[in-house]
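Single-letter residue listing:
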Amino acid sequence: MPDVKIRKFLTAIEEIYHEGGKPVAKPLKRGSIVAVIENPFAGSYHEEITGFMKDLEPLGLDMANRLVAALGGDPAIVEGYGKGIIVGQAGELEHGALWHAPGGYAMREVLGGAKAIVPSSKKVGGPGTRLDVPVTHINASYVRSHFDSIEVGVPDGPRANEMAVVLVMTTGPRVHARSGGLKAEDIKGEDGLR
């Protein structure tokens, strides 16, 4: 398979102190990293594409490590995660599915074997397309306080022959979370759900 050709990285970190209620002492951090890469399958149909997933694995690990570093450097502070991809218009949605395994397993590895499935979203779009990337707790998908999404996009990408691959992480629940449900401290860790 072809080498992964990277055009750029974009990293963003938010620090949220309140959402209208009393400011918290320690802000919630929400981070995203996007890598804009060449889509080796753009422009024509290719029957065999799965080999590119293996080629994306080092990029996934690099991005996960970069994002942990941007959040402060300690993987133990990460409580939520998600992944996504925007495929340029000369590609197809199935090309986006190639990011599921390399992006998800990279974060799970960097975070010490997180148990929950990594939620994801994908779409085909041109430069400036925005994507809402879902977030859940890293060890139990049913922890309602950590349900979130982070909007990402690239002003000049993805170009038609590119893909924008995305990882997102958060350091805790939504600020002022109070919608009930399973609490993070009550996770049993048996199945990645509860």
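Thresholds applied
- Residues numbered from 1 in each chain as written.
- Predicted model: local features only at pLDDT ≥ 70, side-chain atom pairs only at ≥ 80, totals over all residues.
- Heavy atoms only, no water.
- Core = buried A, V, L, I, M, F, W, Y, C linked by side-chain atoms within 4.5 Å.
- Buried < 20%, exposed > 50% of the residue type's maximum accessible area, 1.4 Å probe, protein only.
- Helix = DSSP H or I, 4+ residues; strand = E, 2+ residues; numbered from the N terminus.
- Contact = heavy atoms within 4.5 Å.
- Expected span 1.5 Å × (residues − 1).
- Bend = angle between axes of the 7 residues up to and from the residue.
- Pairing = 2+ DSSP bridges.

A. Just the nonpolar core, in detail. By size, the foremost hydrophobic cluster in this structure holds 31 residues, and its most contacted members are Ile37, Met63, Tyr81, Val165, Leu167 and Met169. Sorting elements by how many residues they give to this core places helix 1 (residues 51-70) first, with seven residues. If we skip the residues at most four places from it in the chain, Val165 touches Ile33, Val34, Ala35, Ile37, Leu59, Met63, Gly84, Ile85 and Trp99. Within the second largest apolar cluster, 12 residues are counted, among which are Val36, Ile86, Ile150 and Val168.

B. A look at helix 1. A rise of 1.5 Å per residue sets the reference length of helix 1, with its 20 residues, at 28 Å; its end C-alpha atoms lie 30 Å apart and thus fit the reference within 8%. Where helix 1 bends most, at Glu57, the angle is about 35 degrees, and the proline Pro58 comes one to four residues later. Within helix 1, the full set of buried residues consists of Phe52, Leu56, Leu59, Gly60, Met63, Ala64, Leu67 and Val68. At the C-terminal side of helix 1, Gly72 shows a positive phi close to 130 degrees.

C. Structural detail: the pairing of strand 3 (residues 80-87). By the criterion of burial, strand 3 is predominantly enclosed, with eight of the eight residues buried. Where burial is concerned, the two faces of strand 3 agree: the one with Gly80, Gly82, Gly84 and Ile86 and the one with Tyr81, Lys83, Ile85 and Val87 are both buried. By the bridge criterion, two bridges tie strand 3 to strand 5 (residues 130-137) in an arrangement that is antiparallel. When the bridges of strand 5 are listed, Tyr81 appears paired with Thr136. Bridging between strand 3 and strand 7 (residues 162-170) involves eight bridges; their strand directions are antiparallel. Within the sheet, the bridge partner assigned to Ile85 lies in strand 7 and is Val165. Where strand 3 lies against strand 4 (residues 120-124), five bridges are found, and the strand directions are parallel. The residue bridging Val87 from the neighbouring strand is Val124, located in strand 4.

D. Molecular detail of unusual backbone geometry. Note that the residue after Gly157, namely Pro158, is joined by a cis bond; omega there is 0 degrees. Here Pro158 lies in the loop between strand 6 (148-153) and strand 7. For His176, which is not glycine, the phi torsion reads 70 degrees and is therefore positive. Along the chain, the position of His176 falls in the segment after strand 7. Given the relative accessible area of 23%, His176 is considered partly exposed.

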